[in-house]
Amino acid sequence: RDEPLVLGIETSCDETGVGIVRGHTLLADAVASSVEEHARFGGVVPEVASRAHLEAMVPTIQRACDTAGVALSDVDAIAVTHGPGLAGALLVGVASAKALALSLGKPIYGVNHLAAHVAVDQLEHGPLPEPCLALLVSGGHSSLLKVTDITGYDGGVDPMGATIDDAAGEAFDKVARLLGLPFPGGPHIDRAAREGNQVAIDFPRGLSTRRDLERHRFDFSFSGLKTAVARWVEARERSGEPVPVADVAASFQEAVCDVLVRKALDAASSEGIEDLMIGGGVAANSRLRALAEEQATKLGIRVRVPRPGLCTDNGAMVAALGSTMVARGRTPSTLDLPADSSLPV
Ligand code: KG4
Ligand code: ZN
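Residues numbered from 1 in each chain as written. Chains lettered and ligands numbered in written order. Predicted model: local features only at pLDDT ≥ 70, side-chain atom pairs only at ≥ 80, totals over all residues.

With that settled, consider the overall build of the protein. Each helix and strand in the protein was counted, giving 13 helices and ten strands. The C-alpha atoms of the protein give 20 Å as radius of gyration, which agrees with the globular expectation for 345 residues (20 Å, within 12%). When its C-alpha atoms are laid out on the principal axes, the protein stretches across 65 × 45 × 30 Å. Buried positions account for 54% of the 345 residues belonging to the protein. Pairs at least 24 apart in sequence give 75% of the contacts found in the protein among residues at least 6 apart. (Helix = DSSP H or I, 4+ residues; strand = E, 2+ residues; numbered from the N terminus. Rg over C-alpha atoms; globule rule 2.2 N^0.38 Å. Buried ≥ 20, exposed ≤ 12 C-beta atoms within 10 Å, placed from the backbone. Contact = placed C-beta atoms within 7 Å.)

Here the focus is the pairing of strand β4 (residues 77–83). Within β4, seven of the seven residues are buried, leaving the element largely enclosed by the surrounding structure. Bridge count between strand β1 (residues 5–10) and β4: four bridges; the pairing is parallel. Residue Ile 9 lies in a different strand from β4, and its bridge partner there is Val 80. Inspection of the sheet shows β4 paired to strand β5 (residues 108–112) by five bridges, in the parallel sense. Looking at β5, one finds that Ala 79 is bridged to Tyr 109. Handedness of the crossover joining β4 and β5 through helix α3 (residues 87–104): right-handed. (Pairing = 2+ DSSP bridges. Right-handed = clockwise from strand over helix to strand, strands pointing away.)

As for its position among the elements, Ala 327 is in helix α13 (residues 315–327). Each C-alpha atom, one on Ala 327 and one on Gly 23, is 8.0 Å from the other, the two residues being 304 residues apart in sequence.

For the protein, the assigned domains read domain 1 (5–120 + 314–327) and domain 2 (129–306). The straight-line distance from the C-alpha centre of domain 1 to that of domain 2 is 27 Å. Between domain 1 and domain 2, the contact holds 16 residues from the first and 19 residues from the second. Sorting the residues of the side of domain 1 that touches domain 2 by element identifies α1 (35–39), α4 (113–119) and α13 as the ones contributing at least two each. In the side of domain 1 that touches domain 2, the residues fall into ten nonpolar, six polar and no charged. (Domains from an automatic or database assignment. Nonpolar A, V, L, I, M, F, W, Y, C, P; charged D, E, K, R; others polar.)

Each neighbour pair has its own omega, and for Gly 83 with Pro 84 the value is -10 degrees, a cis peptide bond. Within the secondary structure layout, Pro 84 lies in the loop between β4 and α3. Of the consecutive residues Glu 130 and Pro 131, the connecting peptide bond is found in the cis state with omega at 5 degrees. Here Pro 131 lies in the loop between α5 (122–125) and β6 (132–137). Of note in this structure, Leu 207 is not a glycine but carries a positive phi near 50 degrees. Assignment of secondary structure puts Leu 207 in the loop between α7 (186–193) and α8 (210–216).

Another aspect to go through is the sheet that holds strand β9 (residues 275–279). Reading across from one edge, β8-β7-β6-β9-β10 is the order of the five strands in this open sheet, with mixed pairing throughout. Of all the strands in the sheet, the pair left with one neighbour each is β8 (157–162) and β10 (302–304). On average, each strand axis in the sheet is tilted by 25 degrees relative to the strand beside it, whichever way the strands run. The sheet contact formed by β9 and β10 spans three bridges and is parallel. Its bridge partner lying in β10, Asp 275 is registered against Arg 302. Strands β6, β7 (142–147), β8 and β9 of the sheet are contacted by helix α10 (residues 245–270), whose axis makes an angle of about 155 degrees with β6. (Axes fitted to C-alpha atoms, helices over the stretch in contact; angles between N-to-C directions.)

With that out of the way, let us pick up the nonpolar core. In terms of nonpolar packing, the biggest core is built from 112 residues, with Leu 276 and Leu 321 touching the most fellow members. Among the elements that take part in this core, α10 stands out by supplying 15 residues, more than any other. Mapping this core onto the domain boundaries places at least three of its residues in each of domain 1 (5–120 + 314–327) and domain 2 (129–306). Not counting residues up to four positions away in its chain, the partners in contact with Leu 321 are Ala 79, Val 111, Ala 115, Ala 116, Ala 119 and Ile 150. (Core = buried A, V, L, I, M, F, W, Y, C linked by C-beta atoms within 7 Å.)

So, about the site of ligand 1. If you check the shell around ligand 1, you find 19 residues, and the closest are Ser 138, Gly 139, Gly 169, Gly 186 and Gly 281. Taken together, the elements giving at least two residues each to the shell around ligand 1 come down to α6 (168–178) and α7. (Near = placed C-beta within 6 Å.)

Structure (structure tokens):
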């Protein structure tokens, strides 16, 4: 009961998330998504997302408080994603959080969206082992982070590598579109792949040749893979034969997961780190989870992945990181906290 009650707000993309935690106990995780409004455009439309956040914000705050059985006046601190993400979308969350902090007379903590994807695991598996190696894979990012302090204090979240083109989730979404699957495509590829053969087609593993590894040992590239899938599908269509959707999905998914897991484990081993944490929307992928577990075990590396519902964008992850900041005595933000669409980790 003594631990602080923290309310977290997430609006960096198309999910309006409000989470409430006490310490690292999850009390509520209310999410309103505008994903269906974007589906017909095949991607998130920033203006549509911002408006949807405005409409959903207050009801989602209310729903989170009701679920947690707390009054707003009980909240000890407000945490909010202030970047990276869509500028207009972030502004709605940041402005809302400031209004709450000001009216309640409580501190506000600006949190980094990427670090929050990692911090959320504490709600499920307890305190984050530090140092740990975090593989962050979402619709907008694919990064390897060496985490010595998840609050980012004193360089505590250190980027070792990142994608040089598309993010992993973006690749899933684009390939799904090629295969005629709905947006966002990740979960649909995941499902289709279960019926397919992952070694049916040998798709390229990005940045994996010896020469690539010299300069890009811990970096990713998925645009060449996406193009290879497009060419393969086009050739099939030209030949008049049906496209084996399940086999393409499984082989593509294997190419992505293979590189992600190999490079993440290489990064962890190179730093002598024994804990791998996987976060972000793509961490919900069943093959990624299984492959990481299987390969890590061989190296004596432990893997932590939050349950799928905590991998995709939500407010609980923001509250979780805010709670860690409070616990570690980090200085709160001021009320002029800016939204920063390209906030680095
Ligand atoms: O973290 P997130 O919810 O939002 C961003 O911060 O980007 O990630 C969304 C991404 C989308 O690209 C979606 O297709 C992907 O995560 N995703 C998946 C799965 N579930 C969501 N990708 C592969 N397999 C899944 N099961
Ligand atoms: Zn995200």
